[in-house]
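Fold and geometry: a report
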2 protein chains.
Amino acid sequence: MVTITDIANALGITPSTVSRALAGNPRVKEETRSAVLEAANRMGYQRNVVAANLRRGRSDIVGIVVPRINREFFSNVISGAESILDEAGYSTLICQTQESFDSEVKALRNLRNNQVAGVLMSHAINSPDGSHILPTLGDIPVVQFDRVFNDIPGAKVFGANFDGAYKATRHLIEAGYKRIGTLAGYLGTEVYAERLRGYRKALEDCGMLLDDSIVFPNAIVWQTGHDATLSAIAAGCDALYSAGDFSALGAVAALQEKGISVPRDFGIVGTANEFFTALMTPSLSSLEQHPYEMGREAAKAFLQSRSDVTVIPMDLHIRQSSNRNAI
Amino acid sequence: MVTITDIANALGITPSTVSRALAGNPRVKEETRSAVLEAANRMGYQRNVVAANLRRGRSDIVGIVVPRINREFFSNVISGAESILDEAGYSTLICQTQESFDSEVKALRNLRNNQVAGVLMSHAINSPDGSHILPTLGDIPVVQFDRVFNDIPGAKVFGANFDGAYKATRHLIEAGYKRIGTLAGYLGTEVYAERLRGYRKALEDCGMLLDDSIVFPNAIVWQTGHDATLSAIAAGCDALYSAGDFSALGAVAALQEKGISVPRDFGIVGTANEFFTALMTPSLSSLEQHPYEMGREAAKAFLQSRSDVTVIPMDLHIRQSSNRNAI
DNA sequence: GACAAATATACAAACGTTTGCACAATTTCC
DNA sequence: GGAAATTGTGCAAACGTTTGTATATTTGTC
């Protein structure tokens, strides 16, 4: 492995000059710089990033912590963030927590130990609060996206969850559904709490009854969505706003089991606009969260070391599952 | 930031002893070890991995290079690999190349510069050959999975592509389809070439005509699958084995446009068993590649520094799109 | 009790880079 | 033409850890 010392020896200069030449320091003569570059190239020099990081006390790696990478939402956030970080010369270290709090702590500790320059994160759904973040990361800047803890300092980027849920619910109302419940997700997580508020506001604005017995918290994956929907049917619902697409998928399955026609007798809108929503029958109306954009914004917030809040609008994609007027 | 030197000073011993104590070196007295551990704990010591890596000349990071992370297949390979690497004390550095050769070279270089302990990779579809791998990675062990270059040394893990394609094609034949084409993917990539061979062998074994005009190479995403299918229809095909699920999706769309009934008048089988295949109408028959298992095997091959070949069986999931006999 | 063997710790160098400071050489300015 | 500013390079320390070798201490054996 060839080092800057090797280059320095070959040229009869010192490692410090080589280092400066390679770093583009303006204090080294143009002539020397080109000689160094030529030698580095010829000798096949590759910078030892580890050594550099040790000396500088930080690296050019940005950690990205997500619950799972095989969600359309998170993988697109990652791609968006990478698109920005890449051209800024950073590489990314992706960690998935599999929705486990312990894994999340481990991931953050790991990132800290690797002296990452920053962390973009969306916490595991059952992380009780953000009190583990600062102690683990120390002074490493953290940008939270989507699932954020409001009491943690640093930038935050998330979707317009209130507005989105409001739109979705309002759309169901306007389609003529009369008793609209919600698969609400984990209400300890801010995004889901917001969506519930948006759902409530829509009902309220339209003079509809707020009935807590048709708010189903913790319904977020296929199975819980399915089971909650059976309860919703029993409770006389004729529509559901689901805070997730996978739970909405379970809901559709439950409705099909019961022989209830969607959208004729039951309307449903999901959230996340997963790839499959457009493919299923009936296709699933869903809220698009613009994850790619969100990833880009999170990366930018890190690069500019901002610590403000960015809200990304959410768009409703109306498909068959709620489009009663089209049948 | 507290270092081993701080701990050493606090206890009146030297950093080397602290280092050995923390590393579990049996040459340090049990008494000293526990004192070190206690002090480390009390003082909030966190190992500086970067410094350790520099000294050791390698890290406990394993790089995983994939074309895209938002594919059911790749994200599950990653999860499988992580499950093994995690418990062996490694963390993972995930890079997506977005199917670009240049990104792949950049990713490998980046991993090399970060002194990763090893690399698990599946090359970009248009990487011409593996000649960039060794020069970039030097002596870092590389395990190739799924898309492998046979002439690169090191372990390889891939699916039984020949058998899988054979099974899929044979299934179409047995369902009574008469003129079966294939959306073959990039034939420069070994997995696709193998699938084509399996497809051919099945036709041959059943005494059917081999017709190169209904072999559609480079059909691999929605659009190319869609377009090739229009040609297949024009060429009188009544079935397609598709080497990918996204191209099969495009195929179904093309058939629907043309008003051709699936599976009654046209059969189709995809590959990868993406999540959406079970949800669409008609649901798509597809080959399951057991990516999670593949990831685990790749990680094990790295840990055991093997350099052999592991083949993972592929299973056919028969769904509506080819199940003519069920209608 | 002398000597060898085993045990436990210390010393110091090394990993490859960055960077503050010093210094020499050159240029600029009055 | 001399002082001051500028430019280009070298020196050496530092980042925090690991590890080969040396040294000190304890244990074991006859």
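Quick summary incoming for the structure in this document. (Residues numbered from 1 in each chain as written. Chains lettered and ligands numbered in written order. Predicted model: local features only at pLDDT ≥ 70, side-chain atom pairs only at ≥ 80, totals over all residues. Heavy atoms only, no water.)

**Side note on the interface of chain A and chain B**
Interfaces are often sized by the accessible area lost when the parts come together. Cut-off, in case you're wondering: Note on contacts: a residue pair is in contact if any heavy atoms of the two residues lie within 4.5 Å. The rule for a salt bridge is simple: a side-chain nitrogen of Lys or Arg has to be within 4 Å of a carboxyl oxygen of Asp or Glu. Counting of polar contacts relies on pairs of N or O atoms within 3.5 Å, with two restrictions inside protein: one atom must be capable of donating a hydrogen and the other of accepting it, and residues adjacent in sequence are counted only when both atoms are side-chain atoms. Where helices and strands are cited, they refer to DSSP runs of H or I of at least four residues and of E of at least two residues respectively, numbered from the N terminus. Throughout, the ten residues Ala, Val, Leu, Ile, Met, Phe, Trp, Tyr, Cys and Pro are labelled nonpolar, Asp, Glu, Lys and Arg are labelled charged, and all others, Gly among them, are labelled polar.
Counting from both sides, the interface comprises 39 residues of chain A and, opposite them, 39 residues of chain B. Remark: the boundary between chain A and chain B carries 2 salt bridges. For B:Asp86, the salt bridge identified is with A:Lys106, shortest N-O distance 3.1 Å. Put simply, chain A and chain B have 12 residue pairs in polar contact (both at pLDDT 80 or more) between them. Of all the secondary structure elements, the ones that give two or more residues to the side of chain A that touches chain B are α4 (49-56), α5 (72-87), β2 (91-96), α6 (101-113) and α11 (245-257) of chain A. If one sorts the elements of the side of chain A that touches chain B by residue count, α5(A) sits on top with 7 residues. Considered class by class, the residues forming the side of chain A that touches chain B number 16 nonpolar, 16 polar and 7 charged.

**Things to note about the relation of the copies chain A and chain B**
Test applied: Copy-to-copy alignment: least squares on C-alpha atoms, limited to residues at pLDDT 70 or above in both.
Least-squares fitting of chain A to chain B yields an RMSD of 0.1 Å, with the superposition described by an axial translation of 0.0 Å and a rotation of 180 degrees. With respect to symmetry, the two chain copies, as superposed, fit the operation of a two-fold axis. Counting the interface residues of chain A, we find that 100% of their copies in chain B are interface residues as well, pointing to one common contact surface.

**Let's talk about the protein's contact with DNA strand C**
Counted only if it meets this: Residue proximity to a molecule or strand is established when one non-hydrogen atom of the residue lies within 4 Å of it.
Around DNA strand C sit 25 residues in total, of which A:Ser19, A:Tyr45, A:Arg55, B:Arg20 and B:Thr32 are the nearest. When the atoms of DNA strand C within 4 Å of the protein are sorted by group, sugar and phosphate make up 57%. One of the side-chain N or O atoms of A:Arg47 is found 3.0 Å from a phosphate oxygen in DNA strand C. One of the backbone N or O atoms of A:Asn48 is found 3.5 Å from a phosphate oxygen in DNA strand C. The set of elements that each furnish at least two residues to the surface near DNA strand C consists of α1 (4-11), α2 (15-23) and α4 of chain A together with α2 (15-23) and α4 (49-56) of chain B.

**Quick word on helix α10 (residues 222-234) of chain A**
Residue and element names in this part refer to chain A. Cut-off, in case you're wondering: Take the residue count of a helix, subtract one, and multiply by 1.5 Å to get its expected span. Residue burial is assigned from relative accessible area. The probe radius is 1.4 Å, only protein chains are included, and a residue is buried under 20% of its type maximum, exposed over 50%, and partly exposed in between.
Over its 13 residues, α10 extends 19 Å from the first C-alpha to the last, a length consistent with the 18 Å expected when each residue adds 1.5 Å. Among the residues of α10, those classed as buried are Gly225, His226, Ala228, Thr229 and Ala232. Downstream of α10 by one or two residues, Gly236 has phi in the positive range, about 85 degrees.

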